[in-house]
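Secondary and tertiary structure notes
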Amino acid sequence: ISKVPAAGWVQILLFAAVCEFGLGPSIQEWKEGQPGDYGRGALGMFGPITDPAKKARSLSAEISNGRLAMAAITGMILQNGITGGTDSPMWFGNSP
């Protein structure tokens, strides 16, 4: 962490802020509406989802996939901390 220069941390934080709040006209957008529903549809390219059942299923799938991704990265971090790596030596041992 100490090897990253201050300007690098500023860039990282600005990028995270743009990802979180977007470049929209109002920074308060995230407080309105349902969580995860930005009115842009799948991948933000295909328009809003108008069918309520499909919208509910899509939002539920997004939450489930996000939870799975968080569990997966937590597992990889623990695996790397315990074994020292996450590639083939973990599975096959250190072969000569």
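Look above for the structure.
So, a few notes on the structure that sits alongside this text.

The rules we used
Think of each chain on its own: its residues are numbered from 1, step by step along the sequence as written. Only residues with pLDDT of at least 70 get local features here, since the model is predicted, and only at 80 or more are side-chain atom pairs given and counted; chain-wide, interface and lining totals rely on the full set of residues. Note that water and hydrogens are dropped before the side-chain values are worked out from all heavy atoms of the structure. Helix numbers and strand numbers start at the N terminus; a helix is a DSSP run of H or I with at least 4 residues, a strand a run of E with at least 2. A 1.4 Å probe rolled over the protein chains alone gives each residue an accessible area, and that area as a share of the maximum for its type sets the label: buried under 20%, exposed over 50%, partly exposed in between. Every accessible area reported is derived by Shrake-Rupley at a probe size of 1.4 Å, with residue values counting cover from the shown protein chains alone. What a helix is expected to span follows from its residue count: subtract one and scale by 1.5 Å.

1. So, the overall build of the chain
Scanning the chain from N- to C-terminus turns up three helices and zero strands. Traced from its N-terminal end to its C-terminal end, the chain shows the element sequence α-α-α. The burial tally for the chain puts 3% of its 96 residues in the buried class. A total accessible area of about 8,500 Å² is found for the chain, and carbon and sulfur atoms account for 65% of it.

2. With respect to helix α2 (residues 52-83)
A rise of 1.5 Å per residue sets the reference length of α2, with its 32 residues, at 46 Å; its end C-alpha atoms lie 46 Å apart and thus fit the reference within 8%. Of the residues trailing α2, Gly84 is marked for its positive phi of about 90°.

3. Considerations on helix α1 (residues 6-21)
End to end, α1 covers 22 Å across 16 residues, agreeing with the expected 22 Å (1.5 Å per residue, within 8%). Taking burial as the measure, the 16 residues of α1 include one buried ones, a minor fraction of the element.

4. Remarks on the environment of Met76
Structurally, the position occupied by Met76 is in helix α2. For Met76, a relative accessible area of 43% corresponds to the partly exposed category.

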